[in-house]
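An overview of the molecular structure
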Amino acid sequence: PHEQRRMSALVLVVDDDAAIREMTALALEKAGYRVQRAASAAEARRAVAREKPALVVCDLYMPGEDGLSLLASLGEAPPAFLMMTARGSMETAAEAARTGAFDYLAKPFDVSTLLERAQAALATHAPAATSEEGPEGLNVSIVGSHPAIVDVYRAVARVASMRVPVLVVGETGTGKELVATALHRFGTRSAGPFVPVHCGALPDTLLESELFGHRKGAFTDAHRDRRGALQAAHGGTVFLDEIGDVSPLFQVKLLRFLEESVVTPLGADRGEAVDVRVVAATHRDLRAMVAEGRFRQDLFYRLAGYEIRIPPLRERLSDLPALVARFRALAEEETGVAAGDVGDPSPEVLAVLAAHTWPGNVRELRLAVRRIVIEAGRLDDAVVARRVLVGLGAREEDIESAAPIPAAEEGLETLEEVERRHVQRVLEASGGNRSEAARLLGIDRKTLARKLKEPEP
């Protein structure tokens with residue numbers, strides 16, 4: 001019965017890129033779906049009205065009308081919708097979820113991923129209620145299309161409107177506060193305040209005062225009453241950064257608040273009920289800390305109603321060009337350079353950046369781009385880029401050995417030659433890891449070996 005239902009399901013594939021449209025359609029047809037194609041939003045709208053497909057698989061960015069506009073125009077009961085894009089961002093993922101898309105696929109994706117999400121969309125589809133107003137704060141600076149960061153977009157879109165507490169985990173500089181901000185702005189509490197508290201920087205007494213507030217005379221320097229962050233965040237979100245750094249004594253006080261939602265300022269006789277959503281973040285392994293007795297298990301369970309892990313930059317180097325473009329624009333604004341004057345990074349500069357391990361992650365990359373712009377006025381000077389990265393602590397031998405991906409040979413080539421050269425470059429960029437190269441290309445290892453015209457080891 002399940003196979004019969006799937007065989008009868010009609011899927012509409014919408015993409016202005018004919019090659020991607022056909023590849024996606026063929027994969028779905030091979031899996032047993034009936035498939036129609038459309039090259040634009042207007043053509044897709046006519047097909048939806050005429051054929052009533054059960055599922056639409058649509059590119060986000062198309063000339064003229066984009067995929068989000070198409071979905072929004074399909075009325076209150078649209079078909080199930082999967083959005084595809086090669087230019088992912090937190091904003092587009094959240095907007096796709098708000099508009100009613102079931103899921104968000106970053107190109108290139110595995111055929112198995114496409115089929116799994118298509119099946120899930122058809123099995124669970126229920127049209128989402130839409131709002132006339134989009135989410136606020138579309139300046140969140142998390143961008144990229146690597147599958148690991150797209151998982152973050154999905155997670156934010158999935159949980160933003162829920163009341164559950166969220167624990168954001170990631171190395172220093174990966175963008176934990178940006179994720180927390182997105183959870184607030186794309187959720188139902190966006191009209192309320194967002195109040196960040198950096199727990200790791202404060203001793204217990206000051207942290208307690210910062211979170212819970214105090215009454216005049218509660219301690220030596222308490223010259224007046226002060227509202228704490230939890231009271232200030234009433235109706236909104238409080239962000240507890242570096243929660244893994246708080247002392248065992250303070251963990252007890254925080255647990256009590258999470259259980260009761262009551263704030264008792266230092267020196268006060270009674271508490272005050274507050275309504276806040278708690279988002280916490282840490283670069284530490286809280287599970288290991290729980291096992292070692294350094295972090296309360298009950299507090300961990302209270303904080304980790306849902307967990308979002310942000311990947312380090314070294315695990316998503318394919319996003320370097322998109323991140324550099326974002327930080328170039330910010331550097332132009334910060335330094336007063338005319339927009340566009342800095343120019344795009346050269347392949348040599350991108351190769352130098354890709355050779356660094358980025359212990360400071362995206363925050364360090366932003367700093368590096370700014371320094372390169374200040375020193376060179378542009379992003380095509382590999383000598384300056386090397387000097388900046390060495391100044392930030394990069395190993396000279398790694399940076400000096402960085403080589404750009406070779407430019408395409410001049411003259412005409414056959415499609416087979418172009419494809420083989422592209423496959424070889426992806427393999428080199430993957431450090432020779434065939435499984436990773438095959439995943440990035442959306443093919444299996446045997447197909448990769450055949451395209452390289454080599455026997456599979």
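Attention here is on the structure that accompanies the text. All values derive from a computational prediction rather than experimental measurement.

1. A short note on the overall build of the protein chain
In terms of helices and strands, the protein chain carries 21 helices and 14 strands. Put simply, the protein chain has 457 residues, and 45% of those count as buried. Counting contacts in the protein chain only where the partners sit at least 6 residues apart, residues at least 24 apart contribute 69% of the total.

2. Observations regarding helix 16 (residues 361-376)
Across its 16 residues, helix 16 extends 22 Å between first and last C-alpha, which sits within 8% of the 22 Å expected from 1.5 Å per residue. Among the residues making up helix 16, those that are buried are Asn361, Val362, Glu364, Leu365, Ala368, Val369, Ile372, Val373 and Ala376. In this fold, the buried residues of helix 16 make contact with helix 14 (320-335), helix 15 (347-355) and helix 17 (382-391). Just past helix 16, the residue Gly377 takes up positive phi, approximately 75 degrees.

3. Considering the packing of helix 16 against helix 17
Between helix 16 and helix 17, the shortest axis-to-axis distance is 9 Å and the interhelical angle comes to 130 degrees. As summarised for this structure, helix 16 and helix 17 are arranged oblique, according to the angle between their axes. The way helix 16 lies across helix 17 gives a crossing that is right-handed. Judged by residue contacts, Ala368, Arg371, Ile372, Glu375 and Ala376 of helix 16 engage Val384, Ala385, Arg387, Val388 and Leu389 from helix 17. Looking at the contact of helix 16 with helix 17, its residues break down into seven nonpolar, no polar and three charged.

4. Looking at the sheet that holds strand 6 (residues 166-169)
Spatial ordering of the open sheet is given by 7-10-13-6-14, a layout of five strands whose pairing is parallel. What marks the edges here is a single partner per strand, and that holds for strand 7 (194-198) and strand 14 (306-309). Neighbour to neighbour, the strand axes of the sheet diverge by 20 degrees on average, direction disregarded. Contacts between helix 8 (residues 176-185) and the sheet are confined to strand 6, strand 7, strand 10 (237-241), strand 13 (277-282) and strand 14, with strand 7 contributing the most and set at about 155 degrees to the helix.

5. Regarding the packing of aromatic side chains
Inspection of every chain in the model, using the stated rule, returns five aromatic pairs. Ring geometry for Phe212 against Phe257: centres 6.4 Å apart, planes inclined by 75 degrees, an arrangement best described as edge-to-face. Of this pair, Phe212 sits in helix 9 (residues 204-212) while Phe257 sits in helix 11 (residues 248-260), and the two are 45 residues apart along the sequence. Judged by its relative accessible area of 5%, Phe212 is buried. A residue is classified by how much of its surface remains accessible, and Phe257, at 4% relative accessible area, is buried. A ring pair is formed by Phe300 and Tyr301, whose centres lie 5.8 Å apart and whose planes are at 55 degrees; its orientation type is tilted. Through successive ring pairs, a cluster of aromatic residues spans Phe212, Phe250 and Phe257.

6. What about the nonpolar core?
Among the nonpolar cores identified, the biggest contains 45 residues, and Met83, Met90, Val156, Val179, Leu183 and Ile308 are the most heavily contacted of them. Top element by residues in this core is helix 7 (residues 147-159). It accounts for seven residues. Not counting chain neighbours up to four residues away, the residues in contact with Leu183 comprise Val156, Val159, Ala160, Val166, Arg277, Val279 and Ile308. Of all hydrophobic cores here, the second largest spans 32 residues; its members include Leu211, Leu240, Phe257 and Leu303.

7. A word on the pattern of salt bridges
Side chains carrying opposite charge are able to pair once their charged atoms draw close together. Under the criterion given, the structure shown has 26 salt bridges. Between Arg189 and Asp275 there is a salt bridge, and its shortest N-O distance comes to 2.8 Å. One end of the pair, Arg189, is in the loop between helix 8 and strand 7; the other, Asp275, is in the loop between strand 12 (272-273) and strand 13, and 86 residues separate them in sequence. Residue Arg189 is classed as buried on the basis of its relative accessible area, which comes to 13%. Asp275 gets classed as partly exposed once you look at its relative accessible area, which sits at 30%. Measuring nitrogen to oxygen at the nearest pair gives 3.0 Å for the salt bridge that ties Arg316 to Asp319. Sharing partners across several salt bridges, the network here consists of Asp103, Glu116, Arg117, Asp151 and Arg154.

8. Quick notes on helix 17
Within helix 17 the residues assigned to the buried category are Ala382, Val384, Ala385, Arg386, Val388 and Leu389. Looking at the buried side of helix 17, the elements it contacts are helix 15, helix 16 and helix 18 (396-400). The N-cap residue of helix 17 is Asp381: its side-chain oxygen and the backbone nitrogen of Val383 are 3.1 Å apart. Remark: Gly393 follows helix 17 within two positions and exhibits a positive phi of approximately 110 degrees.

9. Observations regarding unusual backbone geometry
Positive phi outside glycine occurs at Lys52, with the angle close to 55 degrees. Looking at where Lys52 falls in the secondary structure, it is placed in the loop between helix 3 (41-51) and strand 3 (55-59). When its relative accessible area of 59% is taken as the criterion, Lys52 is described as exposed. Of note, Ser261 is a non-glycine position whose phi angle comes to about 55 degrees, a positive value. Here Ser261 lies in the loop between helix 11 and strand 11 (262-263).

10. Re the pairing of strand 13
The buried count for strand 13 comes to six of six residues, which makes it a mostly enclosed element. Here strand 13 shows two buried faces, one formed by Arg277, Val279 and Ala281 and the other by Val278, Ala280 and Thr282. Pairing of strand 10 with strand 13 involves four bridges; the strand directions are parallel. In the sheet register, Val238 faces strand 13, and the bridge partner there is Val278.

11. A short note on the side chain of Thr85
Locating Thr85 in the fold gives a position in strand 4 (residues 80-85). Here Thr85 is in contact with Asp59, Leu60, Tyr61, Tyr104, Leu105, Ala106 and Lys107, once residues within four sequence places are set aside.

Cut-offs applied
Residues numbered from 1 in each chain as written. Predicted model: local features only at pLDDT ≥ 70, side-chain atom pairs only at ≥ 80, totals over all residues. Heavy atoms only, no water. Helix = DSSP H or I, 4+ residues; strand = E, 2+ residues; numbered from the N terminus. Buried < 20%, exposed > 50% of the residue type's maximum accessible area, 1.4 Å probe, protein only. Contact = heavy atoms within 4.5 Å. Expected span 1.5 Å × (residues − 1). Axes fitted to C-alpha atoms, helices over the stretch in contact; angles between N-to-C directions. Parallel < 35°, antiparallel > 145°, perpendicular 65-115°, else oblique. Left-handed = near helix turned anticlockwise from the far one by under 90°. Nonpolar A, V, L, I, M, F, W, Y, C, P; charged D, E, K, R; others polar. Pairing = 2+ DSSP bridges. Phe/Tyr/Trp six-rings, centres within 6.5 Å; stacked < 30°, edge-to-face > 60°. Core = buried A, V, L, I, M, F, W, Y, C linked by side-chain atoms within 4.5 Å. Salt bridge = Lys/Arg side-chain N within 4 Å of Asp/Glu carboxyl O. Polar contact = N/O pair within 3.5 Å; in protein donor to acceptor, adjacent residues only side chain to side chain.

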